Amino acid sequence: MAHGMGDILDRLNRIEGVKGSMVVGRDGIVVASDFADFINEDAVAAVSSAILSSLDGALKRLEMGGFKRFVITGSDAKIVLMKGRNTLVLVLLRKDINLGFVGVEIREAVAEIDERTHL
Amino acid sequence: MGIISSLVRGWEKRRLEKIEKNSPRPPAEVFIRLYEIYHSEGEVNAASRVAKRGMRLYPHNPDIGKASRDMDRMVREIEKERLRQKIESYPNPILYARLAELYKTDGEIGASVKVCEAGIRAFPDYGGTYLLLGQICFDQEDFDGALSYLEKAAELDRYNYMALRLLADTYMKQGRYMDAVQNLDAILYFAPGDEQVLDALKAAKTAAGIQEEVPPEAAPAEAVPAPAPTTKVKPREPAKGASTVARQMKMKAAAKKQVAYTDAIEILKTIEGVHGALLVDAFGLVIASYLSQDVDEELAGAMITNIYRSTARSAQQMGLGSFEDGVIEGESGNIHLIAIQDMILAVFAAATIKMGLLEKAIRDFANAVLEVG
């Protein structure tokens, strides 16, 4: 893991139902990553970055302000994409997990990452 | 099958299911054998699920690849039969487009064309079927044919991502680079930041000899939305032999369905904090909507379809399986996206909305749509 964010991801990954997490730069490059199962990290990072870029523009055009968070539920799992100041944080969850508690933890993790990546 | 072998098979099935359930990465053989058992017992959903998971974990295993392809084919055959029956009993243009698309996926091009033509006869103002014919022509390198169908599709729905995208590719094939640039610019209006379109636009501009690169976000708003391309194709009249009575019945059925969708949208209006809702088909056509008057319905429909399309594609790539729903949170409101059959429901809501109420309303909406679907 890079940029000393391992402890933040490690904390996230200890939460019940979290299957892994990743920090992605604005350019779609993996900054830090920790997943229990194999995933193609580079591809997921690129896809996440593309989603962010697409949603940010669409929300502004629909006059809903900038992008904050995207929660996608699939047939097998759930993913949370949350925008930080300079990064995008991605958390993979079990499908049945309620986002109440995990959501707060993710928000705190993003704030901490923001602090560490603040130039 | 004898009693003993049946017992052994049942035992093997339970053992493999246990491994598949509890192991984060079961051996490839587990998926192959489980698939064979489910398949032979006619458990289509279970076989499909196992094949998909096996494919995600072992994308290069030839046996799992074959099982996955066979399964996909079987699921498509079941879906084709369902669509054929629906078209007979309760037709709408989306059913024709979906059926034609499935035939096309299986390489049954003749059948796909026939379904498209029948769909156009019954519903001449629906762009999805023209788009499919355009795709077929494009694949067969009949670019003149592709152009006529795609221009018609874009004329009927000026925010049709796929039609405009393929139209741009066709213009490029024909050396009409400026037309390609114009179409790609039009897409960026409702799909801002789409990387594939930005790359294609760059290539089209280079081919057209345009040097300066203007970021799409910085372009003046009035310059971006391109007018719908002019068409060379006249709307098709019903075939001479077509039964007028049958056609009228089909139109009535479609109208009844439209009323049911609009009624279902009304359910959502009653929830405090819901600002609007939109039901669109896979091609971006708005089926029913409830939006404030200052929102361009077609544009919103195109944007929602585009977001859904990229998200659904990404969900597979990110190992989430097939897309079920999504919540996009913006600074001043949320968009809830739900896939219902071949349609997408988008609900625009305040961030403070009571999620329980909204989820119940969405469930009611989905049930109402499925009832008539």
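Small disclaimer: the values here were computed from a predicted structure and weren't measured.

Trainee: Could you clarify how one ought to interpret the overall build of chain A in this entry?
Mentor: When you go through chain A residue by residue, the secondary structure sums to three helices and five strands. In chain A, the succession of α and β elements from N to C terminus is α-β-β-α-β-β-β-α. Looking at chain A residue by residue over its 119 residues, the buried ones come to 57%. Sequence separation of 24 or more characterises 47% of the internal contacts of chain A that already satisfy a separation of 6 or more. For chain A, the accessible area works out to roughly 5,200 Å², and carbon and sulfur atoms hold 50% of it.

Trainee: So what exactly am I meant to see when it comes to the pattern of salt bridges here?
Mentor: Any two side chains of opposite charge can pair, on the condition that their charged atoms come close. The final tally for this structure, using the stated rule, is 36 salt bridges over all chains. A salt bridge links Arg69(A) to Glu329(B); its shortest N-O distance comes to 3.0 Å. Of this pair, Arg69(A) sits in strand S3 (residues 67-74) while Glu329(B) sits in strand S3 (residues 323-330), placing the two residues on different chains.

Trainee: Even after reading the chapter, I still don't get the packing of aromatic side chains, so can you show me in this structure?
Mentor: By convention here, two paired aromatic rings are described through the distance between centres and the angle between planes. All names here are of chain B. Overall, the coordinates contain six aromatic pairs over all chains when judged by the stated rule. Centre to centre, the rings of phenylalanine 138 and phenylalanine 143 are 5.4 Å apart; their planes meet at 65 degrees, and the pair counts as edge-to-face. Residue phenylalanine 138 is classed as buried on the basis of its relative accessible area, which comes to 16%. The class of phenylalanine 143 is buried, set by a relative accessible area of 18%. With a centroid separation of 6.4 Å and 25 degrees between ring planes, the pair formed by tyrosine 159 and tyrosine 189 is classed as stacked.

Trainee: Hey, could you run me through the interface of chain B and chain A in this one?
Mentor: The extent of an interface is frequently quoted as the accessible surface area lost upon association of the parts. Counting residues at the interface gives 36 residues for chain B and 35 residues for chain A. For the pair chain B and chain A, the two sides together bury roughly 3,100 Å², of which 59% comes from carbon and sulfur. Among the residues of chain B in contact with chain A, Met318(B), Leu320(B) and Glu329(B) are the three that bury the most area, contributing 23% of the side total. At the junction of chain B and chain A, the tally comes to three salt bridges. Counting the contacts that link chain B with chain A gives 13 residue pairs in polar contact (both at pLDDT 80 or more). Listing elements by their share of the side of chain B that touches chain A, those giving two or more residues are helix H10 (177-190), helix H13 (297-317), S3 and strand S4 (333-340) of chain B. Among the elements that make up the side of chain B that touches chain A, the one with the highest residue count is S3(B) (eight residues). Partitioning the side of chain B that touches chain A into residue classes produces 15 nonpolar, 13 polar and eight charged. Sheet topology places S3(A) next to S3(B); seven bridges connect them, and they run antiparallel. For Ile72(A), the partnering residue across the bridge sits in S3(B) and is Gly326(B).

Thresholds, definitions, all that
The residue count restarts for each chain, going from 1 along the sequence in the order it is written. Chains carry letters and ligands carry numbers; both start at the beginning, A for chains and 1 for ligands, and go up in the order they are written. With the structure being a predicted model, the display of local features is reserved for residues of pLDDT at least 70 and the display and counting of side-chain atom pairs for 80 or more, all residues being used for whole-chain, interface and lining totals. Side-chain figures throughout are based on the complete set of non-hydrogen atoms in the structure, without hydrogens or water. In DSSP terms, a helix is any run of H or I states spanning at least four residues, a strand is any run of E spanning at least two, and both are numbered starting from the N terminus. Remark: exposure states derive from per-residue accessible area (1.4 Å probe, protein chains only) relative to the maximum for the residue type, with buried under 20%, exposed over 50%, and partly exposed in between. Residue contacts follow a heavy-atom distance rule, with two residues in contact if any of their heavy atoms lie within 4.5 Å. Here the Shrake-Rupley method, with its probe set to 1.4 Å, supplies the accessible areas, and only the displayed protein chains count as covering residues. Salt bridge, as applied in this entry: a Lys or Arg side-chain nitrogen positioned within 4 Å of an Asp or Glu carboxyl oxygen. For this analysis, a ring pair means two rings from Phe, Tyr or Trp (six-membered ring only for Trp) whose centres lie within 6.5 Å, classed as stacked if their planes differ by under 30 degrees, edge-to-face if by over 60, and tilted for the remaining angles. Joining two parts hides part of their accessible area as seen by a 1.4 Å probe, and the buried area is that hidden amount summed over both. A 3.5 Å cut-off defines polar contacts: any pair of N or O atoms within that distance qualifies, except that in protein one atom must be a possible hydrogen donor and the other a possible acceptor, and neighbouring residues in sequence count only when both atoms are side-chain atoms. For this classification, the nonpolar set comprises Ala, Val, Leu, Ile, Met, Phe, Trp, Tyr, Cys and Pro, the charged set comprises Asp, Glu, Lys and Arg, and every other residue, Gly included, is treated as polar. By definition, two strands form a pair when at least two bridges between them are found by DSSP.

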